[in-house]
Amino acid sequence: MFTSTGSWGLYKAPLSKSLLLLPTVLSVLLTVLLPQYHDMFTYNLQAVRQGKEFWRLVSGRLFCLDLKDTFCSSLLIYNFRIFERRFGSHKFASFLFGAWILSAFVDLLLTEALRFMFELQVDVLPAGLLGPVFALFVPFYNSIPRVQVTQVLGHVSITNKSLTYIVGAQLLTSSAYMWIVACSGLIAGMFYYSNKLAVQKFLRVPEWVARCGSVLLEPVFSDSEPTAEAPLGMGATLDIQRQQRMDMLDQQLLLTQLAHFRRNAQQQPAQQTGLLNWNRFFPSLRHRGQNRLQEGPQPQQPPYTHPPDNTDVVEEQVARLMEMGFSRMDAQEALRASNNDINIATNFLLQH
């Protein structure tokens, strides 16, 4: 699933791009050129408790003061940009804002609990937007399907989500008290994602702020629409290049025939009683090995119209797709077309 969208970069994700560039640049400046201002952006909880310097809950949770933390958090923000594309910049910003506020309170509660129960005094925590970054693992775990890519040593499965978890583990082990920030972010993410006590209604970015941010960010951080053609990997073997070409041709054929199907549905609404059948779009898997052995372009075959597909859908899978933000009609159509394969249905809906 990420393979098909990974080449799009930060297209339609201006907030993710701004979070990727601005904090990184400022973190590098504070670390390399302006180390004398480190104290202003230190996440010092002792100064908050004893000195009543509550402004540190803001300044200490904006910019990373460690380049390793900056690098890992930037990679995670880049991977989590899919949520901004799926839900829109406003909802994505509301999730980050709500998780940022909630994780600050959880930081204070956890450190006080450690001091009371284990006499462990924690005065300084890692600085930066780390709470919201760890909070994004909650929707990532719950709403992104797990697709196996390969296996290592015949037992260890490598999935489309493994790299993100590895980067998160690296960030988790980068400093002594990072686990406190990680726990705070995960707790805040679960609380906000489950909408306990209707927290999403109160901790959200106002509409006027979202509009102002859209006016300011989109002209600066917007990307041009990607082309349908994706460049092939340099240095790839012949088999990999053939597979990549096949995948691109499959995608182009799917898009072309889907547009043709929708035009026919609009022109003849009374005659369309069936729903989408993906057998018209995807070539049979048992023929894919034969296609690899054929050299040269093949003549395009006219699409064959199958009879209406009346496959029953599983309501539990419909509910899972609706939780991801898709409409009930689209979820039912995708599941019927994929013979109730939720991974294929989700992948198709995310790409369209």
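Computed from a predicted model, the values in this text were never measured in an experiment.

Topic: a nonpolar patch on the surface
Alright, step 1. Together, Val25, Leu26, Val28, Leu29, Val32, Leu33, Leu34, Tyr37, Met40, Trp55 and Leu67 line one region of the surface with nonpolar side chains, adding up to about 960 Å² of accessible area.
Alright, step 2. At six residues, helix α2 (residues 14-33) tops the list of elements feeding residues into the nonpolar patch.
Alright, step 3. Checked against the element boundaries, Val32 lands in helix α2.
Alright, step 4. Among the residues examined, Val32 registers a relative accessible area of 51% and is labelled exposed.

Brief notes about the packing of α2 against helix α7 (residues 89-118)
How two helices pack is summed up by the angle between their axes together with the distance between the axes.
Alright, step 1. The geometry of α2 relative to α7 is characterised by a closest axis approach of 9 Å and an angle of 45° between their N-to-C directions. As far as their axial angle goes, α7 and α2 are oblique. Residues Pro14, Leu15, Ser16 and Leu19 of α2 lie in contact with α7, whose contacting residues are Ser89, Phe92, Ala93 and Leu96.
Alright, step 2. When grouped by side-chain class, the residues that make up the contact of α2 with α7 number six nonpolar, two polar and no charged.

Details of the pairing of strand β3 (residues 148-152)
Alright, step 1. Where β3 and strand β4 (residues 156-159) come together, four bridges link them in antiparallel fashion. For Thr150, the partnering residue across the bridge sits in β4 and is Ile158.

Notes on unusual backbone geometry
Alright, step 1. Of note, the phi angle at Lys52 is positive, near 55°, even though the residue is not glycine.
Alright, step 2. If you trace the backbone, Lys52 turns up in the loop between α3 (45-49) and α4 (56-59).
Alright, step 3. You will see that Glu119, though not glycine, has its phi angle at about 55°, which is positive.
Alright, step 4. The residue Glu119 is located in the loop between α7 and β2 (124-125) in this model.

Looking at the packing of aromatic side chains
Alright, step 1. Across all of its chains, the model carries 10 aromatic pairs by this definition.
Alright, step 2. When the centroid spacing of 6.2 Å and the interplanar angle of 40° are considered together, the rings of Phe80 and Phe83 count as tilted.
Alright, step 3. Seen in terms of ring centroids, Phe137 and Phe140 are 6.4 Å apart; in terms of plane orientation they differ by 90°. Their pairing is edge-to-face. Linking Phe137 with Phe140, this pair stays in helix α9 (residues 137-143), spanning three residues, or about one helical turn.

What to know about the pattern of salt bridges
Alright, step 1. Enumeration according to the criterion identifies eight salt bridges in this entry.
Alright, step 2. For Glu207, the salt bridge identified is with Arg204, shortest N-O distance 4.0 Å.

Some words on the UniProt feature "transmembrane region" (unreviewed entry) in the chain
Alright, step 1. Under the local residue numbering, the UniProt record ascribes the feature "transmembrane region" (unreviewed entry) to residues 20-37, 92-110, 122-141 and 176-194.
Alright, step 2. With 78% helix and 0% strand, residues 20-37 has its two end C-alpha atoms placed 22 Å apart.
Alright, step 3. The span residues 176-194 is 84% helix and 0% strand, and its two end C-alpha atoms sit 29 Å from each other.

Side note on the environment of Ser16
Alright, step 1. Along the chain, Ser16 turns up in helix α2.
Alright, step 2. Distance from Ser16 to Ser89, taken between C-alpha atoms, is 8.6 Å for residues 73 residues apart in sequence.
Alright, step 3. Side-chain polar atoms of Ser16 contact the side chain of Glu84, separated by 2.7 Å.

Some remarks on helix α10 (residues 162-172)
Turn by turn, an α-helix covers 3.6 residues, leaving residues three or four places apart pointing in a common direction.
Alright, step 1. Every buried residue of α10 is accounted for by Ser162, Thr164, Val167, Gly168 and Leu171.
Alright, step 2. Buried residues belonging to α10 abut α5 (67-79), α8 (130-135), α9, β4 and α11 (178-193).

Cut-off values and rules
Residues numbered from 1 in each chain as written. Predicted model: local features only at pLDDT ≥ 70, side-chain atom pairs only at ≥ 80, totals over all residues. Heavy atoms only, no water. Patch = residues over 30% accessible without salt bridge, like charges linked within 9 Å, V, L, I, M, F, W, Y side chains within 5 Å. Areas by Shrake-Rupley, 256 points an atom, 1.4 Å probe, with all protein chains shown as cover. Salt bridge = Lys/Arg side-chain N within 4 Å of Asp/Glu carboxyl O. Helix = DSSP H or I, 4+ residues; strand = E, 2+ residues; numbered from the N terminus. Buried < 20%, exposed > 50% of the residue type's maximum accessible area, 1.4 Å probe, protein only. Axes fitted to C-alpha atoms, helices over the stretch in contact; angles between N-to-C directions. Parallel < 35°, antiparallel > 145°, perpendicular 65-115°, else oblique. Contact = heavy atoms within 4.5 Å. Nonpolar A, V, L, I, M, F, W, Y, C, P; charged D, E, K, R; others polar. Pairing = 2+ DSSP bridges. Phe/Tyr/Trp six-rings, centres within 6.5 Å; stacked < 30°, edge-to-face > 60°. UniProt positions renumbered as here; feature names shortened; annotations may be inferred. Polar contact = N/O pair within 3.5 Å; in protein donor to acceptor, adjacent residues only side chain to side chain.

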